[in-house]
Amino acid sequence: MTKGADLLVRALANEGVDRIFGVPGEENLDVLESLRRSGIALVLTRHEQAAGFMAATHGRLTGRPGVAIATLGPGALNFSTAAAYAHLGAMPMIMITGQKPIMTPKQARFQIVDVIASMKPLTKMTRQIVSAASIPTLVRDAFRVAMEERPGPVHLELPEDIAGEACEDIPPIPPHPVEIPVAHRDALDRAAAMILKAKRRLIMLGAAASRPRSTAGLNGFVRRTGIPFFTTQMGKGTVAGGSNLYMGTAALSERDYVHDAIDHADLIIAIGHDTVEKPPFLMGPGGPAVIHVGYQPANVEQVYFPHAEVVGDLGPSLELLADRLEGRLPDAGALLSLREEILGRIADRATEDRWPPTPQRLVHDVRQVMPEDGILALDNGMYKIWFARNYRTYVANTVLLDNALATMGAGLPSAMMAAMLHPGRRVMAVCGDGGFMMNSQELETAVRIGCNLVVLILEDKAYGMIRWKQAVEKMEDFGLTFGNPDFVRYAESYGARGSRVTSTAALIPTLDAAFQGGGVHVVVCPIDYGENIRVLNEELGAHNAARQQRGQVSRGGVP
Ligand SMILES: Cc1ncc(C[n+]2csc(CCOP(=O)(O)OP(=O)(O)O)c2C)c(N)n1
Ligand SMILES: [Mg+2]
C-alpha cells in the first residue's frame, strides 16, 4: 500500500536528494519509515537549527536544495533561525515539518502552533499539504521555487494523517533543466559604453557572484577585461584572491584601506551585489557611477542606487559584456597602482609573534595550513572581520561566511556540511567561544557521522565583537564576559580530540597535526583583541584624517 509519506520520499529522491538532516518527532514517523526503505540517508542532529544550517549550506555549495526535517511546534520553530539564514543568504533549502492530524484532531490544540504563519516572513513559500495526491506536484514546485533566482528556503508542512493516508501510486514529476535568461542587448551596450568611457574602473564581486553556476563566466570576465576587483564579504572567493587584480575585501562599510581604491574609482561594476550584506561601501552624491550586474535588478537603497543595470544569468551575460570590451581597455588597470599599498597595510603584523596572537597572525597561520582548495567556515564574531579582510582565497567557494543574517552558531554546522560534501579537502570551522557554544552539541553528530574537521575556537572569554563596539562607543566595559568549559576535555568527552595552543609558534604545528590526525579535532587558541581598537579605530581613523586633509575623499557627504 502506498502512503503519503512514500510519495514524499519518492519525490525527494526524484529531485536527487541523498540525505536529510533533522530531528524527527512522532508526527514524522511515517516519513521516517519511508526513509528507512529508501536510498536517502537520515543525518540525525542534536538540534533542528543545526540541521537547517547544514541543509542551507548544502544549497549554497551545490545549488541544489538541502532538505531538513522536524516535528511540529517546538521542532518547527527551531528551524526559524536557519530559515532566515537561508532566506537572507539566498541558499536553496527545503524544510519539512510534521503536524497533528488535520482531519480528526484528537489531541485538541496540544503542541499546535501556526507554523505556516511563522514561516511566511522567513521563506519564499510555505504550504501545508492537505492531500497525499498533491505531494508530487508540491514537492516539484517547492524545489523549483527554492532554486529559482533569487534562491532561498521553502517550507512544507506534512500533517500526520496525510503522511499516513493510503493513496494511489502517483509518479513524481520529472525535473527538467532550466536556463536563466541572458541580459538584454541594449543593457549590455549601455554598460559597455559606460565602461569604455570610464577612466578608473573597479569591479566589485558580491554575494550572488558566489553561485556555483557563475564561477567560470565571472573568472573569464575579470581575466578578459583586466579590470581590478574587490569583493564584499560574501563575494570572497568568487574569483581567486591570489589573482594579481585583487584589491582587497570590504569587511567594513567605509574607511578601510580598500576604500582608497573605491574613492578613487569613477566607475564600479558591481557584480552580484545583494543588499542583504552589510554595505561594502556607501554610495552618495558625487561618488563613482555604479553598474549593477545581477541575476535580479538591484534593490534601491539609501546607500545603493545603481546608474545602470545588466540583469540576467551572470556567467553568460558577463561573457557577452566581455565580448564588447576585450582588447579595448588599454588602461583597465588604472587603479592597480594602489594595490601594493592596500595589501601591504592589510598584511601588517601578520607574522608578529606576540602572545596571545594578533588576529592578523591567526589569519596568516590558518592560511598556511589550508591548501588552496581547503574550506573555511566562519561563525559570527569579531574575527570574521579580520578573516574577511586578511584571508586570501584561490578557489571559488572556499570561504563560507554569513554577512546576511550574520547569526552566531552556524560555523560548526556549515563546516560539517562542507566536510560531508568534500571529504578529501581540509575543512576548518573558525568560531568564537560565544558562537561555538551555541551549537557545540553538534560535535556529537560530527563524530558519529565520521567528519574530518578541525574546529578552531578563538577564546577571549567574551562576546568580543560587542565588547569592541561598547569600547568604541566609549562605554564602560560591562556585561559581556563569561567563563568557558575546558574545551579540550569538552571535545574529548564527545569522542573528538582536543588541543590547546600555548605559544604563537605552536599555532601552525598544532593545526597541522589536528588535520593530519583526521576525525574531529577542536583546537583552542586565545586571541589578542587589542588590535581591534588599535587598527580598526585608531590606525584607520588616522589614515582617514590624513586622506581628508589631502583632499582625497572627493565625495560630498560620503566619508
Ligand atoms: C544568534 C546571535 N546572537 C547574538 C548576535 C550578536 N553578536 C554578534 S557577534 C557577538 C559576539 C560573538 O562572540 P564570540 O562568538 O565569542 O566571538 P568574538 O567576537 O568574541 O570573537 C554577538 C553576541 C548574533 N549575531 N547572533
Ligand atoms: Mg569570544
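As shown above, the structure is provided for reference.
Cut-offs used in this document
Residues numbered from 1 in each chain as written. Chains lettered and ligands numbered in written order. Predicted model: local features only at pLDDT ≥ 70, side-chain atom pairs only at ≥ 80, totals over all residues. Pairing = 2+ DSSP bridges. Helix = DSSP H or I, 4+ residues; strand = E, 2+ residues; numbered from the N terminus. Axes fitted to C-alpha atoms, helices over the stretch in contact; angles between N-to-C directions. Contact = placed C-beta atoms within 7 Å. Buried ≥ 20, exposed ≤ 12 C-beta atoms within 10 Å, placed from the backbone.

Turning to the sheet that holds strand E10 (residues 229-231), a few remarks are in order. Working definition: the strands of a sheet are paired by backbone hydrogen bonds and lie parallel or antiparallel to each other. The six strands are arranged E11-E10-E9-E12-E13-E14 in an open sheet whose pairing can be described as parallel. A single partner strand is all that each edge strand has here, and the edge strands are strand E11 (246-249) and strand E14 (308-311). Going from strand to strand, the sheet's axes swing by 20° on average, the running direction of each strand aside. Where strand E9 (residues 201-205) and strand E12 (residues 267-271) come together, five bridges link them in parallel fashion. By the bridge assignment, Arg201 is partnered in E12 with Leu267. Along the sheet face, helix H12 (residues 314-325) touches E12, strand E13 (289-294) and E14 and points at about 130° away from the line of E13.

Time to look at unusual backbone geometry. Glycine aside, negative phi is the norm for most residues, and most peptide bonds take the trans geometry. With an omega of -15°, the peptide bond running from Glu149 to Arg150 counts as cis. Structurally, the position occupied by Arg150 is in the loop between helix H7 (135-147) and strand E7 (153-159). With an omega of -5°, the peptide bond between Trp355 and Pro356 qualifies as cis. Unlike most non-glycine residues, Asn397 shows phi in positive territory, near 55°. Residue position: Asn397 is located in the loop between helix H15 (382-390) and strand E16 (399-400). On the basis of neighbour counts, which here come to 20 C-beta atoms within 10 Å, the residue Asn397 falls in the buried class. Unlike most non-glycine residues, Lys461 shows phi in positive territory, near 50°. In this structure, Lys461 sits in the loop between strand E18 (453-459) and helix H19 (464-472).

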